[in-house]
Structure formats: C-alpha cells, structure tokens
Amino acid sequence: TTTSTSGEDLTYSQVASIVKNSVVEIVTEFTVQSGWYQYVTQGAGSGVIISPDGYIITNTHVIADETTGVPSSQITVRLADGTEYPAKTIGYDSDSDISIIKIEATDLVAAQCGNSDNLTVGEELVIVGNPLGELGGTVTNGIVSATEREIQVNSVTMSLIQTNAAVNPGNSGGGMFNMQGHLVGIVNAKSSGSNIEGLGFAIPINDALEVSKQLLEFGYVRGKTMIGVSFEEVSGSNYFFYYNIEPGLY
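Residues numbered from 1 in each chain as written. Predicted model: local features only at pLDDT ≥ 70, side-chain atom pairs only at ≥ 80, totals over all residues. Heavy atoms only, no water.

Undergrad: Got a minute to help me understand the confidence of the model for the chain in this structure?
TA: Low pLDDT means the predicted atomic positions in that stretch should not be read closely. Residue-level pLDDT values for the chain average 90, and 93% of them are 70 or greater. Of all the helices and strands in the chain, strand S13 (residues 233-234) carries the lowest mean pLDDT, 78, while strand S3 (residues 55-58) carries the highest, 98. (pLDDT = per-residue confidence, 0-100. Helix = DSSP H or I, 4+ residues; strand = E, 2+ residues; numbered from the N terminus.)

Undergrad: Can you help me understand the nonpolar core in this one?
TA: Counting residues in each nonpolar core, the largest one holds 26 residues, and the members touching the most others are Val15, Ile57, Ile98, Phe177, Leu183, Ile186 and Ala208. Put simply, the parts of the chain that give this core at least two residues each are helix H1 (12-19), strand S6 (98-103), strand S7 (124-129), strand S9 (156-163), strand S11 (183-190), strand S12 (200-204) and helix H3 (205-218). Among all residues touching isoleucine 57, those that are not within four sequence positions of it are Gly47, Val48, Ile50, Ile98, Ser99, Ile100, Gly173, Ile186, Ala208 and Ser212. With 15 residues, the next largest nonpolar core counts Val24, Ile26, Ile49 and Ala87 among its residues. (Core = buried A, V, L, I, M, F, W, Y, C linked by side-chain atoms within 4.5 Å. Buried < 20%, exposed > 50% of the residue type's maximum accessible area, 1.4 Å probe, protein only. Contact = heavy atoms within 4.5 Å.)

Undergrad: Looking at this structure, I do not really get the sheet that holds S3. What am I missing?
TA: Either a parallel or an antiparallel arrangement is found when strands of a sheet pair, and the pairing is made through backbone hydrogen bonds. Sheet architecture is closed into a barrel: six strands sit in the order S1-S2-S3-S6-S5-S4, paired in antiparallel fashion. When the angles between neighbouring strand axes are averaged without regard to direction, this sheet yields 40°. Relative to strand S2 (residues 37-49), strand S1 (residues 23-34) is paired through twelve bridges, and the arrangement is antiparallel. Its bridge partner lying in S2, glutamine 33 is registered against glutamine 38. Docked against the sheet, H3 engages S3, strand S5 (84-93) and S6, running at close to 55° with respect to S6. (Pairing = 2+ DSSP bridges. Axes fitted to C-alpha atoms, helices over the stretch in contact; angles between N-to-C directions.)

Undergrad: Which parts of the structure should I look at to understand the sheet that holds S11?
TA: With antiparallel pairing, six strands are arranged side by side around a closed barrel as S7-S8-S9-S12-S11-S10. With direction set aside, neighbouring strand axes in the sheet form an average angle of 50°. Most of the contacts of H1 go to S7, to which it runs at about 40°, and overall it touches S7, strand S8 (138-153) and strand S10 (175-177). Packed on one face of the sheet, H3 meets S9, S11 and S12 and runs near 50° to S12.

As structure tokens, this is what we get:
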C-alpha cells in the first residue's frame, strides 16, 4: 500500500486512511455441548490482511475455543467495506498467540510491514481494530510506552510492545501502526481493572511474521520440543513412603 516514502511522519488521518482497508473484523461461532444440550456461542476480534490474495494474521485466542484451544470451524471475516467472507484456518500457534486464516478474495489491500526492532519509547502509534466486537474500523492513538515488556498472557510469558493507546476486547488481532503507516505490531492484550488505565500490549511484527512464515510453510512452529515427562514429589507424606523410596521426584 502507499505509505510515507520519505520517512517523515504522516498525520493521524493520513495513517488511518492508508491502513483502514487492511484491518478486518473477525466473528467466530462455537458449538458447546453441556449435558444433553447444545448451544452456540460467538466471539469477535480483529485481523490484518498480509497478502492481496486473502491471507490474514490474527491472534490464536481470537479464533480458538478458550477451553479446548481448537480453532472454530465457522470464522467470518468482514472487510472495511462491509463485504463478508468465510475463512479457514491455515495454521495456529498458542504459545505465540499468532494464527493465519485465509479468505477466497483477490486484490485486497495488504498492510505494509515495518521493523518493530526500530521502535523507540515515546514514538507515536495508531491502533486500528474492532473494539467490543461491534465497532469495526475504530482508530485510537498513543505512544510506545515500552518495548520488550515481559507480560504473561494465558500462562505464557511474552515480550510485547506496551502502549497507552485505548485497547479494548475485540481489538485483539488488530494492527498497531507507526506514523509512516507501517504495521509494527499485532494487538493481543490489555491490563484491566478499576484502577488501571492505558496499558495495552502488542506482539512485535518481526516476531509475528517469523511465526507466520513457519505456519504458512509447515503448518506449525518448528523448534519447540517436548520429551513427555510427568512427575510427582516423593516424600514421607505419600504412598511412596511405604515402599522405602528415597525422597525426591518420581
């Protein structure tokens, strides 16, 4: 897309105009079984178009069931012009909270990615997303409050960009843009509470793109190993005591 080529900052309205068509609304449906009954629940979030032929980056927690972690089989994407498409999941990774979904469309406006390593504290930002799952295309502004902030999200420690821009439920998966109109982060979390204000977080785009490339190429993120060990503590207070086993781990 057309962005600042001189490296000079654009105005908020110019950035919003450039990036608005690359941010989408996402609606999901999940069928829940409770005893004899089945019912359908809905979720909502945001996503960013990363290719003209319909690949979209979003958060895994936007498209996945919060109990099972499995992506919804019914994902609907709504573009800025109101056009809706069904989407399928190409790949997802819970640890990085990044997923790639795909719609069958062409000539879409893809975001131009920047370099999140170049962000500096105090730099101005624009956030575009779908707060509350009802207000698609909402634009808010703020600054980079911190870089490489270690935050725990869904029991996973992540290194995130912190911002004071307004971030609300539904913004997850949306875009964080610098003042040249470049995508520098994928919004994924906020701190909330009666005495908390202006604490939003985003996954650096460099990290998100590395995960995305692996999801597109392999369908999963390589390099994460598991050896399948389970254990429990052995002490005089459990049944191992009766087998005369030394205290430690079994």
